[in-house]
Structure formats: C-alpha cells, structure tokens
Amino acid sequence: MTYLRYAPDIERPTPDEQETIDGIIKGMTQQSQTVEKREHHAVRASHAKSSACVIGEMTVSEGLPPELAQGLFARPGTHKVAVRFAQGPGETLGDRVSTHRGMSIKVFDVPGDKLPGHDVDTQDFVLATGTTFPSGTAAGFLRDGTVIGKATGLPEGVKSAVAATARNLNRVLHAFGTESAMADFLGHPYSHPLADSYFSQAPMRFGNYVAKLGAVPASPAQHDLAEWRLDPHQDEDGFRHAAVDYFGGNDAVYELKAQLWADAERQPIEDASVDWPVTISPYRTVATIRLPRQDAYSPERVRYFDEMMTFRPAHSLSEHRPLGSVMRARLQVYRALSDFRHRENGVTAENTALPESIPA
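Quantities reported herein were computed from a predicted structural model and do not represent experimental measurements. (Residues numbered from 1 in each chain as written. Predicted model: local features only at pLDDT ≥ 70, side-chain atom pairs only at ≥ 80, totals over all residues. Heavy atoms only, no water.)

## Some words on the overall build of the protein
Across its full length, the protein holds 8 helices and 9 strands. Compactness check: the protein gives a C-alpha radius of gyration of 19 Å against a globular reference of 21 Å for 360 residues, within 12% of the reference. Over its C-alpha atoms, taken along the principal directions, the protein stretches across nearly 50 × 50 × 50 Å. In the protein, which comprises 360 residues, the share counted as buried stands at 55%. The contacts of the protein with a sequence gap of at least 6 include a subset with a gap of at least 24, amounting to 78%. On the protein, roughly 15,400 Å² of surface is accessible, and the fraction owed to carbon and sulfur atoms is 53%. In the protein, 37 side chains carry a positive charge and 46 a negative one; their mean positions are 2 Å apart. (Helix = DSSP H or I, 4+ residues; strand = E, 2+ residues; numbered from the N terminus. Rg over C-alpha atoms; globule rule 2.2 N^0.38 Å. Buried < 20%, exposed > 50% of the residue type's maximum accessible area, 1.4 Å probe, protein only. Contact = heavy atoms within 4.5 Å. Areas by Shrake-Rupley, 256 points an atom, 1.4 Å probe, with all protein chains shown as cover. Lys, Arg positive; Asp, Glu negative; His and termini not counted. Charge placed at Lys NZ, Arg CZ, Asp CG, Glu CD.)

In structure tokens:
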C-alpha cells in the first residue's frame, strides 16, 4: 500500500471561509447565551453534560511500521492521559435526548513543536461517535449550527421527539444495510458510553502523512456491554450512572487506531462528511489507552474537568495539525466559545500541563 504524503497545499480553503467561521462563532455564542439564561450557568457549547472524568495511561505500540511511527507515535513509550466522556448537546438535558457522544483525550509529556498558542507539552484528541462529521465543511457547520441554535430554546420534550425520530430512521436504514450519519448525530442509540467507539471524524496531519483516528473498546468487560441499553424513563442521568458504576469495578481499554490517507479522490481532506473507505485504508492500532477502575465522578474532579480544564484541537503538535474545512473552523471556534464560558462563569481556563494538577 502506498500512502499519500502531507504537504501544506493539500488544504484548499474557500475565499469566504473566515466569514463563515465568524458566523459559526456568532451563532454558537448566541446559543450559549440562551442556555446560560435557562441554566444560570455557562456550559460547553457542545458536549456539556459529562458522564465520566477519568485518568489513565496511553502506551504507544512497539514495532510500528514507518508510516505509523509518526509524531507522538514515533517512539514507543507510556504517557499519562486524562479523558472526559460526555453527551453531545451544548446544554444539560435528560438522557432521553440521546444524541452523539464525545471522548476528549489529553496526552501528557509530549515534547515537540506545537501549534501557535499552545505552550505546554500536551496533545489533545477530540473524538466523537460516528466516523464522519455530517455537516462536512465549515459552510455546512454554519448551516446546521444555525438550525440547532434556533432549536435551543425549544422544550426538552420536542428535542426528545427529534432524537427519537432520528433514532428510528436509522433502525429502518439498518434493515437495508445502511445508515444516516446525521440521524445518528441527532439520535444516537441508548448504548453504554464505554461500549461505543469514538473518532476524529476529520483528518489531521500524521507526521509525514495524514490520518483520521479512532478509539475502539478493547476489553472483555466493555464487549459485554454491546447489548446494554438505557431506559431513559427510569433514569434521566443513566449514561453517567452506568459509566460511574462501570469504573467502580472495571478497567476500560481502548485501542487508538489511525486510518492513513491513500486516495485523494475517495478520501477527501476538505469534506468531513465523506467516510474514508476501510477497503482503501483500514484503521490500524498505534497505541493502547488503559483507564483503571476509579471514582469517575468525584465532585472535585468533575468541577476541574467541567469548569476549568480545556480540550481543544488546537492543543496539538505541529505534526498532528488538524486539517480540512471543519478542523480549521474548530481551531477558532473552540477557543472563542471556551473564552466566553470561562468569562461568564468568572473562572480561569486551564491548559493543564501536568496530570498531578487533576484532583483525585
């Protein structure tokens, strides 16, 4: 297999991209203001409701082939990590509104040249359920974000009905061997958060190459959760309770996998809505993340993760620079919305440099 090399000119920004990004920031800030008025507190504009806040280790695999031994993964070794699991919406909703989920990973002790503005030795990987980002581009992000923003003020029952409709649509599509990424984004199954796989959805530089990343459950205990389903009518915080209960007695293990860029036509850089076919380039393991049993939701730790700690695509080595239209937007959007949230709450944001800073 021949893999395509990274070069600065593989990205093709549109002439009006900055105007589009400014529109995303404006719209999502207004959405956050609406939520703040209702909740009397500013929350994350996406993935607001955490389900587990944990620490562990990531071990880079030994003997990786040259195309995978890149950037952070160039040398075998073990790094401390902090991981936040969360529900997708940018507001605190009951779990009957089951949308996409997030898994944000902060890797510590990562020296090397960083993106501008990132001044500590860490690498963040911000992942979500689904192998694609349905909006595709910054323009699609603005379009779909505008619709979601207008729906923010609607009653929770309406949002639950939308999620249920999307979830039922995918049940029908699955019977025909297909599915809708947007339907999953709006109405994810009531599956266990630790049984799901999580993906970067959009590409990033991978040293001399380009890749998408995925984190796939790899322990027998997680595999045993494959058929688990929440009854949200019994527990509106059931995903959190399930994750906390799991970590009370079990370790969680994920294989971190890279899917390398091999075909410029069928694996586009600029459109994150296109699924990169695994028949062209499969996901291959580059590291293992181990999250030992622990108290996954202690009050001090949750406050630190949810109120102070920041996870951003811009917290990155230059060798893992996010690529494509959506990622270029996220580089600015995450910072602007984080600044808004911390300013409104009177809290100083922390770009955590050391795992010892995290409360037990």
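## Here's the deal with the pairing of strand β4 (residues 122–128)
Taking burial as the measure, the 7 residues of β4 include 7 buried ones, the bulk of the element. Here β4 shows a buried face lined by T122, D124, V126 and A128 and a second buried face lined by Q123, F125 and L127. Looking at chain direction, strand β3 (residues 101–108) and β4 are connected through 7 bridges and run antiparallel. Counterpart to S104 in the pairing with β4 is V126. (Pairing = 2+ DSSP bridges.)

## A short note on the nonpolar core
By size, the foremost hydrophobic cluster in this structure holds 43 residues, and its most contacted members are M58, F73, F85, F125, F247, Y254 and L291. The dominant element in this core, judged by the number of residues it contributes, is strand β8 (residues 252–260), at 5 residues. Other than its neighbours up to four places away in sequence, L291 contacts V54, I55, G56, V81, V83, F85, F247, D251, A252 and Y254. Core analysis: the second largest hydrophobic core is formed by 15 residues, I24, A138, F141 and A272 among them. (Core = buried A, V, L, I, M, F, W, Y, C linked by side-chain atoms within 4.5 Å.)

## Considerations on a nonpolar patch on the surface
On the surface, L154, V158, V162 and L186 cluster together to form a nonpolar patch covering roughly 280 Å² of accessible area. Along the polypeptide, V162 turns up in helix α3 (residues 156–175). (Patch = residues over 30% accessible without salt bridge, like charges linked within 9 Å, V, L, I, M, F, W, Y side chains within 5 Å. Salt bridge = Lys/Arg side-chain N within 4 Å of Asp/Glu carboxyl O.)

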